[in-house]
Amino acid sequence: MYAGRKVSRREFVRATSLLVAAAAGEKTGLSLALSDPLSAAAPLAEFGYGSVALFSELHEAQLTQTLAVLMGLSEDSLLKPFREMAGRAAPGEDIGGWYQYLPDYDYRTGDAGLAPGSTFGQWISALSRGYAATGSREMR
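Below or above, wherever it landed, is the structure these notes cover. (Residues numbered from 1 in each chain as written. Predicted model: local features only at pLDDT ≥ 70, side-chain atom pairs only at ≥ 80, totals over all residues. Heavy atoms only, no water.)

### Observations regarding the overall build of the protein chain
Next up, step 1: Along the protein chain, the regular secondary structure elements total five helices and zero strands.
Next up, step 2: Going through the 140 residues of the protein chain one by one, you find that 11% of them count as buried.
Next up, step 3: Sequence-distant contacts, at least 24 apart, represent 27% of the contacts inside the protein chain between residues at least 6 apart.
Next up, step 4: Accessible surface, the protein chain as shown: approximately 11,200 Å² in total, 58% of it carbon and sulfur. (Helix = DSSP H or I, 4+ residues; strand = E, 2+ residues; numbered from the N terminus. Buried < 20%, exposed > 50% of the residue type's maximum accessible area, 1.4 Å probe, protein only. Contact = heavy atoms within 4.5 Å. Areas by Shrake-Rupley, 256 points an atom, 1.4 Å probe, with all protein chains shown as cover.)

And the structure:
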């Protein structure tokens, strides 16, 4: 298996750990996987956001508030830095902070960095997860 090539420390530890677990003969998930990979079903399985129920009033309130913030974001404000960088009309309020676009900004001056529109993907991802959790047509 390793003839003719160097073995990394990680590979060595992994291989010897598997051998020790198999030799111990304990019916752990690891030894089951070694003896019969098909019989060792994954102990965890992925589930959708919509499969989760919150029974805590505090957590439900936090989810509701978070989704309200997401739904309250102005599309024009989110798209503003992209439109400005493209030289197009950019309606909407400037979100400010790192999100804003400053055409005269020079990253070499040592000032704090800017990344116009950098969190746009995170907002879209959060909206997608919110939709997956609630099934809200409006959020979709």
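### Brief notes about the packing of aromatic side chains
Next up, step 1: Under the defined criterion, the tally for this structure stands at one aromatic pair.
Next up, step 2: Taken together, a centroid distance of 5.4 Å and an interplanar angle of 75° make the contact between F82 and F120 edge-to-face. With F82 in helix 4 (residues 75-85) and F120 in helix 5 (residues 120-134), the pair connects residues that are 38 residues apart, well separated along the chain.
Next up, step 3: A relative accessible area of 34% means that F82 is categorised as partly exposed.
Next up, step 4: Its relative accessible area of 25% is what places F120 among the partly exposed residues. (Phe/Tyr/Trp six-rings, centres within 6.5 Å; stacked < 30°, edge-to-face > 60°.)

### A word on the pattern of salt bridges
Next up, step 1: One pass over the full model with this rule turns up two salt bridges.
Next up, step 2: Between R83 and D76 there is a salt bridge whose closest N-O contact spans 2.8 Å.
Next up, step 3: Here R83 falls in the partly exposed class, since its relative accessible area comes to 25%.
Next up, step 4: According to the relative accessible area criterion, D76 is partly exposed, its value standing at 31%.
Next up, step 5: Between E84 and K80 there is a salt bridge whose closest N-O contact spans 3.6 Å. One end of the pair is E84 and the other is K80, both in helix 4 and four residues apart, which spans about a single turn. (Salt bridge = Lys/Arg side-chain N within 4 Å of Asp/Glu carboxyl O.)

### So, the side chain of K80
Next up, step 1: Classification of K80 by relative accessible area gives buried; the value is 12%.
Next up, step 2: Look past the residues within four positions of K80 in its chain and what remains in contact with it is A90, P91, G92, E93 and D94.

### Some thoughts on helix 4
Turn by turn, an α-helix covers 3.6 residues, leaving residues three or four places apart pointing in a common direction.
Next up, step 1: Those residues of helix 4 that fall on the buried side of the exposure criterion are S77, L78, K80 and P81. Buried residues of helix 4 fall within an arc of 140° about the axis and therefore sit on the same side.
Next up, step 2: On the buried face of helix 4, the contacting elements are helix 5.
Next up, step 3: Capping the start of helix 4, S74 holds a side-chain oxygen 3.3 Å from the backbone nitrogen of D76, two or three residues further along.
Next up, step 4: Looking one or two residues beyond helix 4, the residue adopting positive phi is G87, at roughly 75°. (Arc of directions from axis to C-beta. Polar contact = N/O pair within 3.5 Å; in protein donor to acceptor, adjacent residues only side chain to side chain.)

### With respect to the packing of helix 3 (residues 57-71) against helix 5
Geometrically, a packed helix pair is captured by the angle between its two axes and the distance between the axes.
Next up, step 1: Put simply, helix 3 and helix 5 touch, their axes get as near as 10 Å, and they point 130° apart. Looking at the two axes, helix 3 sits oblique to helix 5. Helix 5 is crossed by helix 3, and the crossing has left-handed handedness. Seen from helix 3, the contacting residues are L67, L70 and M71; seen from helix 5, they are W123, A126, L127, G130 and T134.
Next up, step 2: Of the residues belonging to the contact of helix 3 with helix 5, the class tally is six nonpolar, two polar and no charged. (Axes fitted to C-alpha atoms, helices over the stretch in contact; angles between N-to-C directions. Parallel < 35°, antiparallel > 145°, perpendicular 65-115°, else oblique. Left-handed = near helix turned anticlockwise from the far one by under 90°. Nonpolar A, V, L, I, M, F, W, Y, C, P; charged D, E, K, R; others polar.)

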